[in-house]
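Residue-level structure breakdown
Single-letter residue listing:
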Amino acid sequence: MIKYTHEDIPISFPADGLAFCADGTRISKPGLFAARRKETIQFDHGYRKEKNLESIPLSAKLTLVAQTHAKDLAENFEPFNGKCNLHSWSKKGKWESCCYTDDHKKAECMWIKPKEIAGYESSGYEISYYSGAGANAADGIAGWKVSTGHNQVMINDGIWKKIKWNAIGVGIYKEYGVVWFGELKDDSLLENCN
């Protein structure tokens, strides 16, 4: 098993999209993590820098959660079902499923996913979006900037003002883009499972 640190992965964009090991628990190509790294840099060094905020270190664990969720949404979520929103999780994975509604009664379902999926020992908080034309970092950031709740998460404002983000993970798959934020530092290495 080859291990990569965040710093020594060259930035490249794989043509084949999201990939997992046979057991479904790891990203199988370092280029995928590098692609998420470039998307995170676009967010972190662009928008957060404009706001004079510290950058957020990229997390292998939160990236795994983000990519897993983006893939689950693309394959199993019905975007216009009128009930469950994009923080919902299907029954088709190694996690607890839930229908996350706009009243946030199932918020814990979101918060525990990083521990449940990747062993990240702290709560995680997600912002997500759907685009019928296909998700990308620039459109996601533009949409989240004009959404008060999402923007507050990104720039540590409102109820997030006293929180320091120490980890971030990005997942983009087909029409879905998600970003996960966490308070716990993640120094774990990305495992390559060829």
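1. Quick notes on helix 2 (residues 60-76)
- With 17 residues, helix 2 should reach 24 Å at 1.5 Å per residue; the first-to-last C-alpha distance of 24 Å fits that figure.
- Where burial is concerned, most of helix 2 is hidden: 12 out of the 17 residues are buried.
- Those residues of helix 2 lying buried are A60, L62, T63, L64, V65, A66, Q67, T68, H69, A70, D72 and L73.
- Among the residues of helix 2, the N-terminal cap falls to S59, whose side-chain oxygen and the backbone nitrogen of K61 are separated by 3.3 Å.

2. Some words on the packing of aromatic side chains
- For the coordinates displayed, the defined rule picks out 9 aromatic pairs.
- Between Y125 and W165 the ring centres are 5.8 Å apart and the planes differ by 45 degrees, which places this aromatic pair in the tilted class. Taken together, the residues span a long stretch of sequence, with Y125 in strand 2 (residues 124-130) and W165 in the loop between helix 6 (148-155) and strand 3 (167-173) at a distance of 40 residues.
- Overall, W165 belongs to the buried group, its relative accessible area being 3%.

3. Some remarks on the confidence of the model for the protein chain
- In this model, the protein chain carries a mean pLDDT of 78, and residues with pLDDT of at least 70 account for 73%.
- In this model, residues 1-33 is a region of pLDDT below 50 whose contacts with residues beyond four sequence positions or in other chains number 82 contacts.

4. Details of the pattern of salt bridges
- One pass over the structure, following the stated rule, counts 5 salt bridges.
- Between K71 and E75 there is a salt bridge, and its shortest N-O distance comes to 3.0 Å. A residue pair is termed a helical-turn pair when its members lie 3 or 4 positions apart in one helix, as K71 and E75 do in helix 2 at 4 residues.
- Ionic pairing is found between E121 and K115, a salt bridge with its closest N-O pair at 3.4 Å.

5. Quick word on the sheet that holds strand 4 (residues 176-182)
- Strand order in the open sheet formed by 3 strands is 2-4-3, and the pairing between neighbours is antiparallel. In this open sheet, the two strands that pair with only one neighbour each are strand 2 and strand 3. For this sheet, the mean inter-axis angle between neighbouring strands, taken without regard to orientation, is 15 degrees.
- The pairing of strand 2 with strand 4 spans 7 bridges and is classified as antiparallel. Across the sheet, the residue bridging to E126 is W180, located in strand 4.
- Here helix 2 sits on the sheet and contacts strand 2, strand 3 and strand 4; the angle it forms with strand 3, its principal contact strand, is near 25 degrees.
- Those strands touched by helix 6 are strand 2 and strand 4, and its axis lies near 135 degrees from that of strand 2.

6. Thoughts on the nonpolar core
- Grouped together as the largest cluster of nonpolar side chains are 23 residues, with contacts concentrated most on V65, L73, W89, I117, V178 and W180.
- Counting residues per element, the ones that place at least two in this core are helix 2, helix 3 (107-111), helix 4 (113-118), strand 3 and strand 4.
- Ranked by the residues each element gives to this core, the list is headed by helix 2, at 6 residues.
- Apart from the residues within four sequence positions on either side, V65 is in contact with W89, K113, P114, I117, A118 and W180.
- Within the second largest apolar cluster, 21 residues are counted, among which are I56, A135, A137 and W160.

7. Considering the environment of E121
- Here E121 is to be found in the loop between helix 4 and strand 2.
- On a C-alpha basis, the gap between E121 and E183 in space is 9.9 Å, while along the polypeptide they are 62 residues apart.
- Of the polar contacts made by the side chain of E121, one reaches the side chain of K115; its length is 3.4 Å.

8. Examining the side chain of H87
- As for its position among the elements, H87 is in the loop between helix 2 and helix 3.
- Relative accessible area serves as the criterion here: at 10%, H87 is assigned to the buried category.
- Looking at H87, its side chain comes within polar contact range of the side chain of E126, at 2.7 Å.

About the thresholds
Residues numbered from 1 in each chain as written. Predicted model: local features only at pLDDT ≥ 70, side-chain atom pairs only at ≥ 80, totals over all residues. Heavy atoms only, no water. Helix = DSSP H or I, 4+ residues; strand = E, 2+ residues; numbered from the N terminus. Expected span 1.5 Å × (residues − 1). Buried < 20%, exposed > 50% of the residue type's maximum accessible area, 1.4 Å probe, protein only. Polar contact = N/O pair within 3.5 Å; in protein donor to acceptor, adjacent residues only side chain to side chain. Phe/Tyr/Trp six-rings, centres within 6.5 Å; stacked < 30°, edge-to-face > 60°. pLDDT = per-residue confidence, 0-100. Contact = heavy atoms within 4.5 Å. Salt bridge = Lys/Arg side-chain N within 4 Å of Asp/Glu carboxyl O. Pairing = 2+ DSSP bridges. Axes fitted to C-alpha atoms, helices over the stretch in contact; angles between N-to-C directions. Core = buried A, V, L, I, M, F, W, Y, C linked by side-chain atoms within 4.5 Å.

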